[in-house]
Amino acid sequence: MRATLRPPRHAALVALAPLLAACSVPVSGALDDSEASRVVVALDHASIEASKEADPNAEGKWRVSVPRDDVARALGVMHDEELPRVTPPGVLDAVGKGSLVPSEAAEHAQLVAGTAGDLERSLEGIDGVLCARVHLSVPPSSPLRDVAPARASASVLLEHRGATPPLSADAVARLVAGGVANMLPADVAVVFVSQPVPASAPENGLAHVGPIAVARSSVRTLQAGTVALVALVAILSAVTLALSARLSRLRAELAAKLAERADPRPQ
């Protein structure tokens, strides 16, 4: 009878699961793809290795994980950067909610709020913009009135990283005025708020992988080497067990043959 060595296919994965779970910790979840990427970029700028992966607890969403030793620093960076951001409601989110038959004033207020939310999302999509708030003053129009409605106005608060804004006040005014009827760029007031660039971690900073302290730049290499070593040990253990079982069977077969020769059956 020929025996085939079949090491368990999942032995390496079972052995690696505790190590992989201990290497990284989720710091934010249930994020849109763009927001998860924004968090990863902010953490990378602070010299924190972050990974984006599908969130198993939220379908179609993402989560961001960092090494266990960098959790506190990552949460501090995310707090300073106001990440993840709360997505403001857009026009489609705002219109049609509330009472069964909303009043004209309620519908107008919802439309204005949705328009402001769309403008905020457009501004926050610009690289370097941390947060945008758009406040609109849009007088309602009525088809029963012959008088033209008063011009709309807006005020914009733009929080950005670094000393220089990523775009000029005139560009912000043109963008906002272009999204609202009866509004000119001169009717838009823009206020910039500067936030300091987060200091990068020193290149020679140390991180820990279990009991081993290494330079942060070598963490991934050490983790990969450790994972490969554990996988090799798991495979060798499975092969050793299979060989041991085979050897035991051969000994049993040999003992049975020797017993038959020593005590042959009578003819």
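Residues numbered from 1 in each chain as written. Predicted model: local features only at pLDDT ≥ 70, side-chain atom pairs only at ≥ 80, totals over all residues. Heavy atoms only, no water.

A few points about the nonpolar core
Link 1 in the chain: The biggest cluster of nonpolar side chains holds 20 residues, and the ones touching the most others in it are Val-134, Leu-136, Val-176, Met-183 and Val-188.
Link 2 in the chain: Among the secondary structure elements, those contributing two or more residues to this core are helix H5 (104–124), strand S4 (129–137), strand S5 (153–161) and helix H6 (169–178).
Link 3 in the chain: Residues in contact with Val-188, not counting those within four places in the same chain, are Ala-154, Val-156, Ala-173, Val-176, Ala-177 and Met-183.
Link 4 in the chain: In this structure, Leu-31, Leu-43, Val-64 and Met-78 belong to the second largest nonpolar core, which totals 18 residues. (Core = buried A, V, L, I, M, F, W, Y, C linked by side-chain atoms within 4.5 Å. Buried < 20%, exposed > 50% of the residue type's maximum accessible area, 1.4 Å probe, protein only. Helix = DSSP H or I, 4+ residues; strand = E, 2+ residues; numbered from the N terminus. Contact = heavy atoms within 4.5 Å.)

Observations concerning the packing of helix H2 (residues 33–45) against helix H3 (residues 71–80)
Link 1 in the chain: It is the contact of H2 with H3, at a shortest axis distance of 10 Å, that shows an interaxial angle of 115°. Accordingly, the angle class assigned to the pair H2 and H3 is roughly perpendicular. Note on packing geometry: the crossing formed by H2 with H3 is right-handed. Residues Val-39, Ala-42 and Leu-43 of H2 form the contact with H3, whose own contacting residues are Ala-74, Val-77 and Met-78.
Link 2 in the chain: Along the lines of polarity and charge, the residues of the contact of H2 with H3 split into six nonpolar, no polar and no charged. (Axes fitted to C-alpha atoms, helices over the stretch in contact; angles between N-to-C directions. Parallel < 35°, antiparallel > 145°, perpendicular 65-115°, else oblique. Left-handed = near helix turned anticlockwise from the far one by under 90°. Nonpolar A, V, L, I, M, F, W, Y, C, P; charged D, E, K, R; others polar.)

Side note on the packing of aromatic side chains
Link 1 in the chain: What the rule picks out here adds up to zero aromatic pairs.
Link 2 in the chain: The lysine or arginine in question, Lys-52, covers the ring of Trp-62, its NZ or CZ lying 5.0 Å from the ring centre. (Phe/Tyr/Trp six-rings, centres within 6.5 Å; stacked < 30°, edge-to-face > 60°. Lys NZ or Arg CZ within 6 Å of the ring centre and 35° of its normal.)

Let's talk about the sheet that holds strand S1 (residues 24–31)
Link 1 in the chain: In spatial order, the strands read S1-S3-S2; together these three strands make up an open sheet with antiparallel pairing. The open sheet has two edge strands with one neighbour each: S1 and strand S2 (51–54). Averaged over all neighbouring strand pairs, the angle between strand axes comes to 30°, with direction disregarded.
Link 2 in the chain: Looking at chain direction, S1 and strand S3 (residues 62–67) are connected through five bridges and run antiparallel. Following the sheet pairing, Ser-28 is matched in S3 by Val-64.
Link 3 in the chain: Relative to S3, H2 is tilted by about 15°, and along the sheet it contacts S1, S2 and S3.
Link 4 in the chain: Sheet strands touched by H3: S1 and S3. Its angle to S1, the strand with the most contacts, is close to 30°. (Pairing = 2+ DSSP bridges.)

Focus: the sheet that holds S4
Link 1 in the chain: The sheet built from three strands is open, its strands ordered S4-S5-S6 with mixed pairing. Because the sheet does not close on itself, it has two edges, and the strands there are S4 and strand S6 (188–195). Geometrically, the sheet is characterised by an average inter-axis angle of 10° between neighbouring strands, direction not taken into account.
Link 2 in the chain: In this sheet, S6 lies alongside S5 in parallel orientation, the contact comprising eight bridges. Residue pairing across strands places His-160 opposite Ser-194, the latter belonging to S6.
Link 3 in the chain: Contacts from H5 reach S4 and S5, with the element oriented near 155° to S4.
Link 4 in the chain: Packing of H6 onto the sheet brings it into contact with S4, S5 and S6, and relative to S6 it is tilted by some 130°.

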